[in-house]
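# A closer look at the structure
Listed below, chain by chain, are the residues.
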Amino acid sequence: GAGVSQSPRYKVAKRGQDVALRCDPISGHVSLFWYQQALGQGPEFLTYFQNEAQLDKSGLPSDRFFAERPEGSVSTLKIQRTQQEDSAVYLCASSLRDKDMNSPLHFGNGTRLTVT
Amino acid sequence: AQSVAQPEDQVNVAEGNPLTVKCTYSVSGNPYLFWYVQYPNRGLQFLLKYITGDNLVKGSYGFEAEFNKSQTSFHLKKPSALVSDSALYFCAVRKNTGGFKTIFGAGTRLFVKA
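Throughout what follows, the structure given in this document is the object of discussion.

About the thresholds
- Numbers given for residues are sequential positions, taken from 1 along each chain in its written order.
- Chains and ligands are labelled by the order in which they are written, letters from A for the one and numbers from 1 for the other.
- Totals for whole chains, interfaces and linings use every residue, but because this is a predicted model, local features are given only for residues with pLDDT of at least 70 and side-chain atom pairs only at 80 or more, for both listing and counting.
- Side-chain figures throughout are based on the complete set of non-hydrogen atoms in the structure, without hydrogens or water.
- DSSP-based pairing: two strands are paired if at least 2 bridges between them are found.
- To qualify as a helix, a DSSP run of H or I must reach at least 4 residues; to qualify as a strand, a run of E must reach at least 2; elements of each kind are numbered from the N terminus.
- Geometry is summarised by axes, namely lines fitted to C-alpha atoms with helices restricted to the contacting stretch, and by angles between N-to-C directions that run from 0 to 180 degrees.
- Think of it in three bands: residues with accessible area under 20% of the maximum for their type are buried, residues over 50% are exposed, and the middle band is partly exposed, with areas taken using a 1.4 Å probe on protein chains only.
- Residues adjacent in sequence count toward polar contacts only when both atoms are side-chain atoms; beyond that, a polar contact is any pair of N or O atoms within 3.5 Å, and within protein one must be able to donate a hydrogen and the other to accept it.
- The criterion for an aromatic pair is that two Phe, Tyr or Trp rings (for Trp, the six-membered ring) have centres within 6.5 Å, with stacked assigned to planes under 30 degrees apart, edge-to-face to planes over 60 apart and tilted to the rest.
- A ring has a charge above it when a Lys NZ or an Arg CZ is no more than 6 Å from the ring centre and no more than 35 degrees off the ring normal.
- Any two cysteine sulfur atoms lying within 2.5 Å of each other are counted as a disulfide.

### Quick word on the sheet that holds strand β8 (residues 75–79) of chain A
Residue and element names in this part refer to chain A. Sheet architecture is open: four strands sit in the order β1-β3-β8-β7, paired in antiparallel fashion. Two strands close off the open sheet at either side, each with one partner strand: β1 (5–7) and β7 (65–68). When the angles between neighbouring strand axes are averaged without regard to direction, this sheet yields 15°. Of the strand pairs in this sheet, β1 and strand β3 (residues 19–24) are connected by three bridges, and their pairing is antiparallel. Counted as the bridge partner of S7 is R22 from β3.

Structure (C-alpha cells):
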C-alpha cells in the first residue's frame, strides 16, 4: 500500500519567507509526527498529533513553527519568517494508535528545506 | 527525560563478519526500544523493536538486538554483514506510559567492506 507521502521533496526559501510543508500519512494511521533532521544528526522531535488533536508540541523550536492537522489526516508544518538555522530535512511519520503504544513509526522521505 | 546515546559515529566491518552497533538509553520507567535504518535520500525504515519479554529481539534483514536492562543498552547485531547493510542506523526510545513521543539517537554510520 501507499506509504507516507511528503511534498515538496525540496524547498528553497529566501530568509524571511514563509514555507508550508505537507504530509499525507498512511491511511488509517491515527498518530502523526513531525521531526527535524539536521545534516549528520538524528531526527529531533517537533510535534505529535492524535487524529486532529495536537497532543505534544514541546519540540517546536520557536513560535515561528506551527503545525496543523484539521481533519485528522493530512498535516501541514508551517514555518514563518524562515531563518538559515531552519535549513534541515523535515520528516513526517505516522503510526497506528494501539493501546500499548509500541507501534513503530512509518516515515516519509522528507522535505529538504534550504534557507538562503 | 528520555535520551539515547550512540557512542560510535561510524562502524567499519568486513563482509561476512559479525557486526554490532551500540546504543544506550535513559528513560524513567520501562522503555520501548526501536532500531531504524536510513538509506541515502530515503526516509527511516523500521528494523525491530523491544517491548517486553525475551531480551534478544529478531527483526528484518537478519538483524537482531539484545536488550540489557542493567546496562540500559540495546545493541544492534548481525551475525554476518553484507555490503548492502551499509547505511545509517538510529536507535530510538519511547516511554511505555504517558505518550507516544519517540526520541532518536544521533545515528551510527555502518560501512561494510567487500
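### Quick look at the side chain of S94(A)
Residues and elements named next belong to chain A. Inspection of the secondary structure assignment puts S94 in strand β9 (residues 88–95). Of the residues examined, S94 reaches a relative accessible area of 0% and is grouped as buried. At a separation of 2.8 Å, a polar atom in the side chain of S94 contacts the side chain of H29.

### Comments concerning the packing of aromatic side chains
What describes a pair of aromatic rings is the distance from one ring centre to the other and the angle between the planes of the rings. Following the criterion strictly, the structure yields 14 aromatic pairs over all chains and no others. When the ring of Y36(B) is compared with that of F46(B), the centres are 5.9 Å apart and the planes differ by 65°; the resulting orientation is edge-to-face. Residue Y36(B) is located in strand β5 (residues 31–38), and its partner F46(B) is located in strand β6 (residues 44–50); the two are separated by 10 residues in the primary sequence. The exposure class assigned to Y36(B) is buried, which follows from its relative accessible area of 0%. Judged by centre distance (5.4 Å) and plane angle (50°), the ring pair of Y36(B) and F104(B) falls under tilted. Taken together, the positions of Y36(B) in strand β5 and F104(B) in strand β11 (residues 102–104) put the pair 68 residues apart, joining distant regions of the chain. For the pair Y36(B) and F104(B), a shared accessibility class is recorded, and that class is buried. Positioned over the ring face of Y10(A) is R9(A), at 5.5 Å from the centre of the ring.

### A closer look at the state of the cysteines
Enumeration according to the criterion identifies two disulfides over all chains in this entry. Each sulfur in the disulfide pair C23(A) and C92(A) lies 1.9 Å from the other. Between C23(A) and C92(A), the S-S torsion sits near -70°, and that sign places the bridge as left-handed. One end of the pair, C23(A), is in strand β3; the other, C92(A), is in strand β9, with 69 residues separating them in the sequence. What pairs with C23(B) in a disulfide is C91(B), and their sulfur atoms sit 2.0 Å apart. Sign of the S-S torsion, about -65° for the bond between C23(B) and C91(B), identifies this disulfide as left-handed.

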